[in-house]
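# Tertiary structure, described
One-letter residues, chain by chain:
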Amino acid sequence: MSGPIAVIIPVYNAAAFVGSAVASALAQHETAEVVLVDDGSTDGSLEVCQALVATHPTVRLLQSDGSAGRGPAAARNRGIVATVQPFVAFLDADDRYLPGRFADALPILLEDPGVAGVHQATVAEFVDPAAERAWFDRNRSRLIAVRGTLAPGELVTALLRPEHGTVHLNALLLRRAAVTALGGFDERLPIGEDTDLLLRLAATSTLVAGPRSEPVAVRRVHLGSLTMAAPDAARRRGVQLGLQRRLFHWACSRGLDRASLKAMAAAYLRQARRGAGATGKLARLSWFALALLDVARRAGAVALAPARRETPLPPSA
């Protein structure tokens, strides 16, 4: 293999799947290395990863430093710091790439240094009927991609509106320098860290769409996965509100353009209107009122405060 891409795979209790994920990454001739980051697995995943390293010279294994179970954000950041490859791609340990994963995306990045990343489509695959039912309770299609043709600068707004679809991390190829400049994934987020990074990248750099009618990766959906086993509806609203609040605060601190600030403020207020862990009308109105005051206060202070820059990830090991 001689490609310029590092594929980073966080691993936590995925012994049954990680071999397939690694094989699919190694099958891409653009892959220079696969970096496995075990996050304190207790199901034999570490031993599977060690066997993969012993078999494949381009597979590396890192283990969580400190306490186990620090989460996928911390695991991915460790992988980003560990590689020297100019491009990074991510793959969940229970998912897999399809043939030709990077065939369209890598040439775009090689031809235009101004492009920070390329997003394509992922398709959901269901382990059992229960997982399929749970999926379609919350999604309308198996295909995970941004829908429609977007003009430059419209990606942030599209990602903040669910009717435009979204981008799964498995189908995103990024310039490593763009990720490290933003400080990588936010390790304070237990879930939603991928959405957070995607929106920050879209707001500060150029992300372009590759072909999206055909998927380049498979997301294996089972009831034990992090997202499908996630919180109930009320708690999900609270998590989403926290994410939108954090993104809006970040946008204000960065002094982003008016369109991006407006889009993030609108998403924050929409989520606040749904409430956070509460279903009563009065509670929802209270959350909305608090968010409205927050938006007004911070928007008024944006012009007075100097823009803040993220702390970049440290150089590669």
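Refer to the structure printed above.
For the structure given in this document, a descriptive report is provided here. Residue positions within a chain follow its written sequence, with the count starting from 1. Reporting in this predicted model follows two pLDDT cut-offs: at least 70 for local features of residues, and 80 or more for side-chain atom pairs to be given and counted; totals over whole chains, interfaces and linings ignore these cut-offs and use all residues. To obtain the side-chain values, all non-hydrogen atoms of the structure were included, while hydrogens and water were left out.

### Let's talk about the overall build of the protein chain
A tally of regular secondary structure across the protein chain gives eleven helices and eleven strands. Categorising residues by exposure relies on relative accessible area from a 1.4 Å probe, with only protein chains included: less than 20% of the type maximum marks a residue as buried, more than 50% marks it as exposed, and the intermediate range marks it as partly exposed. Across the 317 residues in the protein chain, those meeting the buried criterion constitute 48%. Put simply, DSSP marks the helices as runs of H or I at least four residues long and the strands as runs of E at least two long, and each gets a number from the N terminus on.

### Observations concerning the packing of aromatic side chains
In this scheme Phe, Tyr and Trp rings, the latter by its six-membered ring, pair at centre separations within 6.5 Å, and the angle between planes marks the pair as stacked below 30 degrees, edge-to-face above 60, and tilted otherwise. Counting across every chain of the model gives five aromatic pairs. Taking 5.8 Å as the distance between ring centres and 40° as the angle between the ring planes, the aromatic pair formed by F248 and Y268 counts as tilted. In this pair, F248 is assigned in helix α9 (residues 233-254) and Y268 in helix α10 (residues 258-273), connecting sequence segments 20 residues apart. Taking the relative accessible area as the measure of exposure, F248 reaches 2% and is therefore buried. Grouping aromatic residues by their ring pairs yields a cluster made of F126, W135 and F136.

### Let's talk about the environment of A289
Structurally, A289 can be placed in helix α11 (residues 281-302). As a C-alpha pair, A289 and L269 span 20 residues in sequence and 9.0 Å in three-dimensional space.

### Some remarks on the sheet that holds strand β7 (residues 122-126)
Two strands are counted as paired when DSSP detects at least two bridges linking them. Read across the sheet, four strands follow the order β5-β11-β7-β8 without closing on themselves; strand pairing throughout is mixed. The strands lining the two open edges of the sheet, one partner per strand, are β5 (96-97) and β8 (143-144). The pairing of β5 with strand β11 (residues 217-221) spans two bridges and is classified as antiparallel. The residue bridging Y97 from the neighbouring strand is A217, located in β11. Across the face of the sheet, helix α5 (residues 129-138) comes into contact with β7, β8 and β11 while running at roughly 140° to β7. Here a residue-residue contact requires only that any non-hydrogen atoms of the pair lie within 4.5 Å. In this analysis an axis means a line fitted to C-alpha atoms, helices contributing only their contacting stretch, and an angle means the value between N-to-C directions, from 0 to 180 degrees.

### Some thoughts on the sheet that holds strand β10 (residues 206-209)
Strands belonging to one sheet form pairs held by backbone hydrogen bonds; the direction of such a pair is parallel or antiparallel. Read from one edge of the open sheet, seven strands run β3-β2-β1-β4-β9-β6-β10, paired in mixed fashion. Looking at which strands have only one partner, the edges of the open sheet turn out to be β3 (59-63) and β10. With strand direction ignored, the average angle separating the axes of adjacent strands in the sheet is 25°. Across seven bridges, strand β1 (residues 5-11) lies against strand β2 (residues 31-38) in parallel orientation. Each residue of the ladder has a partner; that of P10, found in β2, is V37. Packed onto the sheet, helix α1 (residues 18-26) meets β1, β2 and β3 and runs at close to 160° relative to β2. Strands β1, β2, β3 and β4 (87-90) of the sheet are contacted by helix α3 (residues 72-82), whose axis makes an angle of about 150° with β1.

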